[in-house]
Amino acid sequence: MSAAHRSATAPSVLIESVLDPHILRSLDLPAWERLLSCARRNAVLAYLAYRAEATGVLDELPPAPRTALRAARTAAARLAQLAMWEIDRVARVLLRADIASIALKGAAYVLRGMPHAATRLLSDVDVMVPRPRIDDAERELLAAGWQGTKLDPYDQQYYRRWSHEIPPLQYPGRVLGVDVHHTICPPVSRLRPDPAAFWAAAETTTHRQVRLLSPADSVLHAATHLFFDSDLDGRFRDLIDLHEMLLAFGSREGFWQRLVERARQQHLGRPLYYAVVTLADVLKTPIPKETRVSVEEFAPAAPVRAWMRPTLSRLLTPVDPEPWPPRNRARVWLMFVRSHWLRMPPHLLLPHLARKSLRRVHGERADA
Amino acid sequence: MTVGELSSESVRTRLAREGLALRIPPITVRLRSPLGFLADQVRTLYHDYEFADSAAYADIDIRMLAGAGARRWTRRQVQFVVDGVTPFEPFPVEHALPMFEWGLNWVVSHRLHGHLLLHCAVAARNGRALLLPAWPGSGKSTLSAALACSGWRLLSDEYGVVALDDARLLPFVRPVALKNESIEVMRAFAPDAFIGPLFPKTRKGTVAHLRPPQDSVRRAGEAAVAGAIVFPDFQHGEPTSVKRVPASPAFLKLAGNAFNYEVVGEPAFRAVAALVRNCGAWVLRYGDLASARAALDDIMHQSSP
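What counts, and at which threshold
- Residues numbered from 1 in each chain as written.
- Chains lettered and ligands numbered in written order.
- Predicted model: local features only at pLDDT ≥ 70, side-chain atom pairs only at ≥ 80, totals over all residues.
- Helix = DSSP H or I, 4+ residues; strand = E, 2+ residues; numbered from the N terminus.
- Rg over C-alpha atoms; globule rule 2.2 N^0.38 Å.
- Buried ≥ 20, exposed ≤ 12 C-beta atoms within 10 Å, placed from the backbone.
- Contact = placed C-beta atoms within 7 Å.
- Nonpolar A, V, L, I, M, F, W, Y, C, P; charged D, E, K, R; others polar.
- Domains from an automatic or database assignment.
- Expected span 1.5 Å × (residues − 1).
- Arc of directions from axis to C-beta.
- Core = buried A, V, L, I, M, F, W, Y, C linked by C-beta atoms within 7 Å.
- Axes fitted to C-alpha atoms, helices over the stretch in contact; angles between N-to-C directions.
- Parallel < 35°, antiparallel > 145°, perpendicular 65-115°, else oblique.
- Left-handed = near helix turned anticlockwise from the far one by under 90°.
- Pairing = 2+ DSSP bridges.
- pLDDT = per-residue confidence, 0-100.

Notes on the overall build of chain B
- In terms of helices and strands, chain B carries 11 helices and 17 strands.
- The C-alpha radius of gyration of chain B comes to 19 Å, within 12% of the 19 Å expected for a compact globule of 305 residues.
- Seen along its three principal axes, the alpha-carbon backbone of chain B occupies a region of about 55 × 40 × 35 Å.
- A total of 305 residues make up chain B; the buried ones form 51% of that total.
- A separation of at least 24 residues holds for 69% of the contacts in chain B among residues at least 6 apart in sequence.

Structure below.
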């Protein structure tokens, strides 16, 4: 192992190795242990395995880490297969009822055949249906055997009134749940893209007429979801999705101009700005100079920018699993507050947070 | 060097600092914890296990840490931390050892996809493995503990680790978790066996761990060819009986209760097919350990090539 890597932290080795897997050849076993642990913590172990495989490095690695990488790849590939099946089952029901659908996020990457799709740790598939048909879609899926999540009346109400999706559906005995959306951001949030424009630009697939957002809209959706609708806690994985999309779409004729134009039209410039600067800071994603200059028009006011940019870079850098209790708790908490602030106006937000804070969150039991 | 050859003080210090890298073939597990009593319990139960030096590679890194938050003042708790996350709710601190054992099982079943993981106890005799696949509560732990104390080599009380290339059984020897009545049953059956402290009032009732026989631990690197598949069915007070199970239902029962059959996919299908093709399958209904053991001896004898 080179001297540079001996002192490097696991998160920085993780970033370097997904960008250039050849450096994996120079790691010693203690460095491997830290790297694999860090990759697991950030849900990118299977992605690291895919990168090592794609660059022909995997077979040259020491047996123990190679086994761990292959095992992670196997588990994630199974989830991608299940996602394909779940989306197929959902689309079959929707098609019968003549309800159009767009696959979003993980399921969309799978349908698009993106190589990193089979490295994601999916827990559900997301589909969007036209807003006027969302009740029909829910009814049809329930009639076909999916079950609604048991929620207390408050959470039911929260989903129905303030969210952009209905409560998650689950087919008994299957691993992945289904989230049905009618738009890409919460209807009460400060961002108001026009869903009709997403439908108009959507691409069709040969899989039961399931559609996909256009490449530009896919990026904007992922950026909006990450920067405006998540807690930004351990979301390096989501940054990888954006990185992979920009690598895949970036070579298409006119993609970058369309992306910026689309962000302007759909009032999603701010999330695009955050995505571009954070990707450049953390993953050195190749983004054309003109694009980096043009997204400046979407930047927030200077004081906000001065705080947000380094904070986002720090939060979206892989989490180091070693320190306990975990670092960055204060920043994560502020971002959690911010994500709710963005999602709901204050007169709705304060009672909501008060209620949430009174609740205990239940995790999995070790002896279950 | 084995864990038992270290002083109690030395095990405590290792756990509190760089961790103890336990060799539990086919994996190495690093355990770190500031809890001295946990170090002592680990030292007793993992007495005969080799450990690696602290710079060696560990496949799984587990920390058992004192709980945080307001509840730490009212009731001491322990957290299971793997790769910097806590997949479970904390346990009362005195249940640290059962939590480590259960948590390690959980991690293994989510990770070891290079092998087929059957939910089954495995013991071997004359190099041939007996598979005891069963759901919790059907007595496979007790049965495998009884075999381990009767001259059989213990491979596992929980995991049938099947190599995907040749369908041989890899040992994954661990302390055997005995629950409730089976603790006293084992004490009566094998008075010389070492059973660790009782952990009352866990979610599974009272739990205690049987230290695996030294010979089984020493030979944990030796795979065994599958010899017979027996589905145990404990029925209190029933006479012992055995019944042949045809290959196809045996296939479904074996595949249906594996941890990662679907994840591994086609190689798992081939491995299960090889198992049911190469060895016979039976259901063993039993009400007491001595006659069950005799019936298993018979089955192994009958099925020997």
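Describing the overall build of chain A
- Counting secondary structure elements, chain A contains 17 helices and seven strands.
- Buried positions account for 42% of the 368 residues belonging to chain A.

Things to note about the interface of chain B and chain A
- Between chain B and chain A, the residue contacts involve 33 residues of the former and 27 residues of the latter.
- Put simply, the parts of the chain that give the side of chain B that touches chain A at least two residues each are strand S4 (60-66), strand S5 (77-82), helix H4 (96-111) and helix H9 (261-264) of chain B.
- The element contributing the most residues to the side of chain B that touches chain A is H4(B), with five residues.
- The residue makeup of the side of chain B that touches chain A, split by class, is 18 nonpolar, six polar and nine charged.

Observations concerning the domain arrangement of chain B
All names here are of chain B.
- In terms of domain boundaries, chain B breaks down into domain 1 (3-111) and domain 2 (115-302).
- One C-alpha centre belongs to domain 1, the other to domain 2; they are set 25 Å apart.
- At the interface, 16 residues of domain 1 touch 24 residues of domain 2.
- Of the residues forming the side of domain 1 that touches domain 2, the biggest block, six residues, is contributed by H4.
- Among the residues forming the side of domain 1 that touches domain 2, the class breakdown is eight nonpolar, six polar and two charged.

A few points about the environment of His236(B)
- Take His236(B): it is sitting in the loop between strand S15 (225-234) and strand S16 (241-245).
- Along the primary structure His236(B) and Asp288(B) are separated by 52 residues, whereas in three dimensions their C-alpha atoms are 7.8 Å apart.

Re helix H5 (residues 63-96) of chain A
- With 34 residues, H5(A) should cover 50 Å at 1.5 Å per step; its first-to-last C-alpha distance of 50 Å lies within 8% of that length.
- In the stretch just after H5(A), Asp98(A) is the one whose phi turns positive, near 60 degrees.

Observations regarding helix H8 (residues 247-256) of chain B
Residues and elements named next belong to chain B.
- Taken residue by residue, H8 has Ala-250, Leu-254 and Ala-255 as its buried positions. Projected down its long axis, H8 carries its buried residues within an arc of 120 degrees, all on one side. Summarising the geometry of H8, the exposed residues directed more than 90 degrees from the buried face are Ser-248, Leu-252 and Gly-256.

What about the nonpolar core?
- Counting residues in each nonpolar core, the largest one holds 207 residues, and the members touching the most others are Ala103(A), Val127(A), Ala223(A), Ala123(B), Leu130(B), Leu155(B) and Val230(B).
- Here this core takes 12 residues from H5(A), the largest share from any one element.
- If we skip the residues at most four places from it in the chain, Ala223(A) touches Leu242(A), Pro271(A), Leu272(A), Tyr274(A) and Ala275(A).

Describing the packing of H8(B) against helix H10 (residues 266-278) of chain B
Residues and elements named next belong to chain B.
- For the pair H8 and H10, the least separation of the axes is 9 Å and the interaxial angle reads 135 degrees. With respect to each other, H8 and H10 are oriented oblique. Once H8 is placed against H10, the crossing between them reads as right-handed. Contacts from Ala-247, Ala-250, Phe-251, Leu-254 and Ala-255 in H8 reach Val-272, Ala-273, Leu-275, Val-276 and Arg-277 in H10.
- Classifying every residue of the contact of H8 with H10 gives nine nonpolar, no polar and one charged.

Quick notes on the sheet that holds strand S14 (residues 205-210) of chain B
Residue and element names in this part refer to chain B.
- An order of S12-S14-S13 is seen for the three strands of this open sheet, with the pairing classed as antiparallel. Since the sheet does not close on itself, it has two edges, and those belong to strand S12 (176-179) and strand S13 (199-202), each with one partner. If you compare each strand with its neighbour and ignore which way they point, the axes differ by 35 degrees on average.
- Packing of helix H5 (residues 140-148) onto the sheet brings it into contact with S12 and S14, and relative to S12 it is tilted by some 120 degrees.

So, the packing of helix H10 (residues 215-228) of chain A against helix H11 (residues 236-249) of chain A
Residues and elements named next belong to chain A.
- One can describe the packing of H10 onto H11 by two numbers: an axis separation of 10 Å at closest approach and a directional angle of 165 degrees. It follows that H10 is roughly antiparallel to H11 by the angle criterion. The element H10 and its partner H11 pack so that their crossing is left-handed. Mapping the contact onto sequence places Pro-215, Ser-218, Val-219, Ala-222, Ala-223 and Leu-226 in H10 and Asp-238, Asp-241, Leu-242, Met-245, Leu-246 and Phe-249 in H11.
- Its residues assigned to classes, the contact of H10 with H11 comprises nine nonpolar, one polar and two charged.

What to know about the confidence of the model for chain B
- Of all residues in chain B, 98% attain a pLDDT of 70 or more, and the chain-wide mean is 94.
- Scoring the predicted complex yields pTM 0.92 and, for the interface, ipTM 0.94.

Regarding the sheet that holds strand S3 (residues 147-148) of chain A
Residues and elements named next belong to chain A.
- The strand order across the open sheet formed by seven strands is S3-S4-S5-S2-S1-S7-S6, and the pairing between neighbours is mixed. A strand with exactly one partner marks an edge of an open sheet, and here the two such strands are S3 and strand S6 (203-204).
- Here S3 runs beside strand S4 (residues 169-170); their pairing, made up of two bridges, is antiparallel. The partner of Gln-147 across the bridge, within S4, is Gln-170.
- Along the sheet face, H5 touches strand S1 (102-104), strand S2 (124-128) and strand S5 (177-181) and points at about 40 degrees away from the line of S2.

Observations regarding the pairing of S14(B)
Residues and elements named next belong to chain B.
- Across four bridges, the pairing between S12 and S14 is antiparallel. Bridge assignment links Val-176 to a residue of S14, and that residue is Leu-210.
- Relative to S14, S13 runs antiparallel, the two sharing two bridges. Across the sheet, the residue bridging to Phe-199 is Val-207, located in S14.
- In sequence, S13 turns back onto S14 through a hairpin of two residues.

Considering unusual backbone geometry
- Following Trp324(A), the chain continues to Pro325(A) via a peptide bond in cis, the omega torsion being -5 degrees.
- Put simply, Pro25(B) and Pro26(B) share a cis peptide bond, and its omega is 10 degrees.
- A positive phi angle is found at Ala43(A), which is not glycine, with a value near 60 degrees.
- Along the chain, the position of Ala43(A) falls in the loop between helix H3 (29-41) and helix H4 (45-54).

Section: the environment of Pro133(B)
Residues and elements named next belong to chain B.
- Note on placement: Pro-133 falls in strand S8 (residues 128-133).
- Residue classification places Pro-133 among the buried residues on the basis of 25 C-beta atoms within 10 Å.
- Placed 162 residues apart in sequence, Pro-133 and Ala-295 show a C-alpha to C-alpha distance of 16 Å.
- Setting aside its immediate chain neighbours within four residues, Pro-133 contacts Leu-118, His-119, Cys-120, Gly-160, Ile-229, Phe-231, Lys-253, Leu-254 and Asn-257.

Re the confidence of the model for chain A
- Confidence in the prediction for chain A averages 89 pLDDT; 88% of positions are at 70 or higher.
- A low-confidence stretch, residues 1-5 of chain A (pLDDT under 50), is modelled with 10 contacts involving residues beyond four sequence positions or located in other chains.

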